[in-house]
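Working through the structure, step by step
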Amino acid sequence: MLAPHVGTPGALLPMLHALQETFGCIDESAVPLLADTLNLSRAEVHGVIGFYHDFRRTRPGRHIIKVCRAEACQAVGAESLLDHVRRSLRVDDGGTTADDAFTLQVVYCLGNCALGPAVMIDETLHGRVTPARFDTLAAEQREGAP
Ligand code: FES
């Protein structure tokens, strides 16, 4: 999984992506291995992981919920939707629900600005999401509906 990237310029990012794709997160134990392999300091590896918000240090829930809070979505209620999502799921930003069903990520633009507030659940984008619609979508995911 990592071997094809060793020796190529800028190998750290593809290696981090490969680790996360395989294991769901970047485990702390990978940092010294990556640093030694790529002749980087551990601080440099930590810096890259911390800089890119898509890299996770812990395993996510079964479904990733991304709520947009960029300007266009804010103008149509994204903040109150986000407050509702946090209360409904009982998680803070970046957190995972107690049943491991959902991980909440706050993002800045999902490319659906004309149909805000925008929410992405796994790979599916939803527009004009109200708190009630969010609850329906979350319940469908919990029940395994498409
Ligand atoms: S501002 Fe929310 S999708 Fe672009």
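Just so it is clear, the structure is predicted and the values come from calculations on it, not from any experiment.

Time to look at the side chain of Thr 103. Within the secondary structure, Thr 103 sits in strand E2 (residues 102-107). One polar contact links Thr 103 to Thr 96, side chain to side chain, over a distance of 2.7 Å.

Right, let's get into the pairing of E2. The buried fraction of E2 is high, at five of six residues. One ladder, built from six bridges, connects strand E1 (residues 63-68) with E2; its direction is parallel. Residue pairing for E2: Cys 68 is matched across the bridge by Val 107.

Moving on, we get to the domain arrangement of the chain. How large an interface is tends to be reported as the accessible area lost when its parts come together. Considered domain by domain, the chain is made up of domain 1 (3-51) and domain 2 (63-143). On a C-alpha basis, the centroid separation for the pair domain 1 and domain 2 is 29 Å.

This paragraph deals with the packing of aromatic side chains. A complete count under the given rule lists two aromatic pairs for this structure. Look at Phe 51 and Tyr 52: their rings are 5.0 Å apart centre to centre, the planes differ by 85°, and that puts the pair in the edge-to-face class. With a centroid separation of 6.1 Å and an interplanar angle of 85°, the aromatic rings of Tyr 52 and Phe 55 are classed as edge-to-face. Its relative accessible area of 37% is what places Tyr 52 among the partly exposed residues. Judged by its relative accessible area of 8%, Phe 55 is buried.

Most often, soluble globular proteins keep nonpolar side chains buried together rather than apart. In terms of nonpolar packing, the biggest core is built from 16 residues, with Ile 65, Val 67, Val 85, Leu 89, Leu 104, Val 119 and Phe 134 touching the most fellow members. Those residues in contact with Leu 104 that sit more than four places away from it in its chain are Ile 65, Val 67, Leu 82, Val 85, Arg 86, Val 91, Asp 92, Asp 93, Gly 94 and Gly 95. In terms of nonpolar packing, the next biggest core, distinct from the first, is built from 14 residues, Leu 12, Met 15, Ile 26 and Val 31 among them.

Time to look at the pattern of salt bridges. In total, this model carries four salt bridges according to the counting rule given. For the salt bridge of Arg 142 with Asp 99, the shortest nitrogen-to-oxygen distance reads 3.0 Å. In this pair, Arg 142 sits in helix H6 (residues 131-143) while Asp 99 sits in the loop between helix H5 (78-89) and E2, placing the two residues 43 residues apart along the sequence. Residue Arg 142 is classed as partly exposed on the basis of its relative accessible area, which comes to 44%. Put simply, Asp 83, Arg 86 and Asp 93 are held in one network by salt bridges that share partners.

With numbering aligned to this structure, UniProt lists the feature "binding site: [2Fe-2S] cluster" (unreviewed entry) at Cys 68, Cys 73, Cys 109 and Cys 113. Across 46 residues, the annotated set stays spatially compact, with a maximum C-alpha separation of 9.1 Å. By the element assignment, Cys 73 lies in helix H4 (residues 71-74). Excluding anything up to four places from it in sequence, Cys 73 contacts Cys 68, Ala 78, Gly 116, Pro 117 and Ala 118. Judged by its relative accessible area of 38%, Cys 109 is partly exposed. Those residues in contact with Cys 109 that lie beyond four places of it in its chain are Cys 68 and Ala 70.

The rules behind each value
Residues numbered from 1 in each chain as written. Predicted model: local features only at pLDDT ≥ 70, side-chain atom pairs only at ≥ 80, totals over all residues. Heavy atoms only, no water. Helix = DSSP H or I, 4+ residues; strand = E, 2+ residues; numbered from the N terminus. Polar contact = N/O pair within 3.5 Å; in protein donor to acceptor, adjacent residues only side chain to side chain. Buried < 20%, exposed > 50% of the residue type's maximum accessible area, 1.4 Å probe, protein only. Pairing = 2+ DSSP bridges. Domains from an automatic or database assignment. Phe/Tyr/Trp six-rings, centres within 6.5 Å; stacked < 30°, edge-to-face > 60°. Core = buried A, V, L, I, M, F, W, Y, C linked by side-chain atoms within 4.5 Å. Contact = heavy atoms within 4.5 Å. Salt bridge = Lys/Arg side-chain N within 4 Å of Asp/Glu carboxyl O. UniProt positions renumbered as here; feature names shortened; annotations may be inferred.

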